[in-house]
Amino acid sequence: MSAGGSDPSGERDGRIAGEGPLHDDAADSAPLQGRRRRGVYLLPNLFTTGVLFSGFFAIVSAIDGEYITAAIAIFVAMVLDTLDGRVARMTDTQSEFGAQYDSLSDLVSFGVAPALIVYLWQLHDLGNFGWVAAFFFATAAALRLARFNSRLAVSDKRFFQGLPSPASAALLVGMVWVLEDWGVPAELADPYVIGILIVTVLAGAAMVSNLTYFSFKDMDFKHRVPFFAIVGVVVALMLLALDPPKVLLAGFVIYALSGPLLTLERWRRHRRRAPAEE
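Note that the structure is predicted; figures quoted are calculated from it, not measured.

Let us look at the nonpolar core. With 50 residues, the main nonpolar core has Ile74, Ile117, Trp121, Leu123 and Leu163 as its most contacted residues. Going through the elements one at a time, α3 (42-63), α4 (67-90), α5 (96-121), α6 (128-150), α7 (165-181), α8 (190-207) and α10 (244-277) are the ones with two or more residues in this core.

Set out below in structure tokens:
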């Protein structure tokens, strides 16, 4: 019989009945497909692991009294945290596992680690007030991340609600880096330590606030930009090379202060549009 005819005893009927090569191939491929589904993407998760490693290394460095090293490790974690998301989008390797892993790493590196660093650095002198302030910062980071994840589908990608946890961590460790770079005494007077406590509490409160911050997620690096944008980047790199701790701290202080200003401006615009809509 020709190949195009019907043959009840032929090869095709054997495959339908679960006999012959087709059945064996399907049985062999099923476990492989299951294993592929259970796998994770390596490249973006390597960067996320780097974030977690940097945060853990910062904690160990702070325990050893190496506060500048601990601060630098947090800034390294910030760079890696920026890269893991961009790499995942560029390589189309986004996954729910990666998102959860990223959040857990952020909690360690930008919540627990900065809180422990500032506590071991100066806040321990304040006794219970010191560790409670550090705990508040760590808890605020956890709440900030949980709120961000729960509202991811409905939030405006151009803005953040509350100060992002990496920026808040940068305020704390930037302060530590600058003061250590200045050679401040190991034991500061009580008024200065209280000031550090206030900064810690305010940084935590900013994370769980309703203040609006630019996310910079709508920036497009694939298209042309004005020439002066490149000049601005070069100037920023020059300033950063001259005095990294002060420039980084100043930059994140400006970003933290931009939240109240941006929130006020958006509120004013809303007030102006409201009568026109009525």
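What follows picks up the thread again.
Let us now look at α7. Here α7 spans 24 Å end to end across 17 residues, near enough to the 24 Å set by a 1.5 Å rise per residue. Of all 17 residues making up α7, 15 are buried, and the element is well covered by its neighbours. Following α7 by one or two positions, Gly183 has its phi on the positive side, about 80°.

Before going further, it helps to spend a moment on a nonpolar patch on the surface. Taken together, the side chains of Phe227, Phe228, Val231, Val235, Leu239 and Leu242 make up a nonpolar region of the molecular surface, amounting to roughly 670 Å² of accessible area. Structurally, the position occupied by Leu242 is in helix α9 (residues 227-242). By relative accessible area, which is 71% here, Leu242 ends up exposed.

An ideal rise of 1.5 Å per residue puts 26 Å on 18 residues; α8 measures up with 26 Å between its terminal C-alpha atoms. All of the buried residues along α8 are Val193, Ile196, Leu197, Thr200, Ala203, Gly204, Ala206 and Met207. Looking at the buried positions of α8, the neighbouring elements they touch are α5, α6, β1 (159-161) and α7.

At a minimum axis distance of 11 Å, the contact between α4 and α5 shows a crossing angle of 165°. By the criterion of interaxial angle, the relationship of α4 to α5 is roughly antiparallel. In this structure, the crossing between α4 and α5 has a hand that is left-handed. Residues Tyr67, Ala70, Ile74, Ala77, Met78, Asp81 and Asp84 of α4 lie in contact with α5, whose contacting residues are Asp102, Asp106, Ser109, Phe110, Ala113, Ile117, Leu120 and Trp121. Taken together, the residues of the contact of α4 with α5 sort by class into ten nonpolar, one polar and four charged.

Turning our eyes to something else, we now look at the environment of Val176. Within the secondary structure, Val176 sits in helix α7. Note on Val176: relative accessible area 0%, which makes it buried. Through-space distance from the C-alpha of Val176 to that of Ile196 is 9.4 Å; in sequence the pair is 20 residues apart. Aside from chain neighbours lying at most four places away, what touches Val176 is Tyr67, Ile117 and Trp121.

A few words now on the pattern of salt bridges. For the structure shown, the criterion picks out two salt bridges. Residue Lys246 pairs with Asp181 through a salt bridge whose shortest N-O separation is 3.9 Å. Of this pair, Lys246 sits in helix α10 while Asp181 sits in helix α7; the two residues are 65 residues apart in sequence, bridging distant segments of the chain. The salt bridge involving Asp243 is made with Lys246; its shortest N-O contact spans 3.0 Å. We classify Asp243 as partly exposed; its relative accessible area is 22%. You can call Lys246 partly exposed: its relative accessible area is 29%. Members of the salt-bridge network, linked through shared partners, are Asp181, Asp243 and Lys246.

Viewed as axis vectors pointing N to C, α6 and α7 meet at an angle of 160°, and their least axial separation amounts to 10 Å. On the basis of their axis angle, the class for α6 and α7 is roughly antiparallel. Here α6 runs over α7; the crossing is right-handed. In this structure, α6 uses Phe137, Arg144 and Leu145 to contact α7, whose residues at the interface are Ser165, Ser168, Ala169 and Leu172. Here the contact of α6 with α7 is composed, by residue class, of four nonpolar, two polar and one charged.

Conventions used here
- Residues numbered from 1 in each chain as written.
- Predicted model: local features only at pLDDT ≥ 70, side-chain atom pairs only at ≥ 80, totals over all residues.
- Heavy atoms only, no water.
- Core = buried A, V, L, I, M, F, W, Y, C linked by side-chain atoms within 4.5 Å.
- Buried < 20%, exposed > 50% of the residue type's maximum accessible area, 1.4 Å probe, protein only.
- Helix = DSSP H or I, 4+ residues; strand = E, 2+ residues; numbered from the N terminus.
- Expected span 1.5 Å × (residues − 1).
- Patch = residues over 30% accessible without salt bridge, like charges linked within 9 Å, V, L, I, M, F, W, Y side chains within 5 Å.
- Areas by Shrake-Rupley, 256 points an atom, 1.4 Å probe, with all protein chains shown as cover.
- Salt bridge = Lys/Arg side-chain N within 4 Å of Asp/Glu carboxyl O.
- Contact = heavy atoms within 4.5 Å.
- Axes fitted to C-alpha atoms, helices over the stretch in contact; angles between N-to-C directions.
- Parallel < 35°, antiparallel > 145°, perpendicular 65-115°, else oblique.
- Left-handed = near helix turned anticlockwise from the far one by under 90°.
- Nonpolar A, V, L, I, M, F, W, Y, C, P; charged D, E, K, R; others polar.

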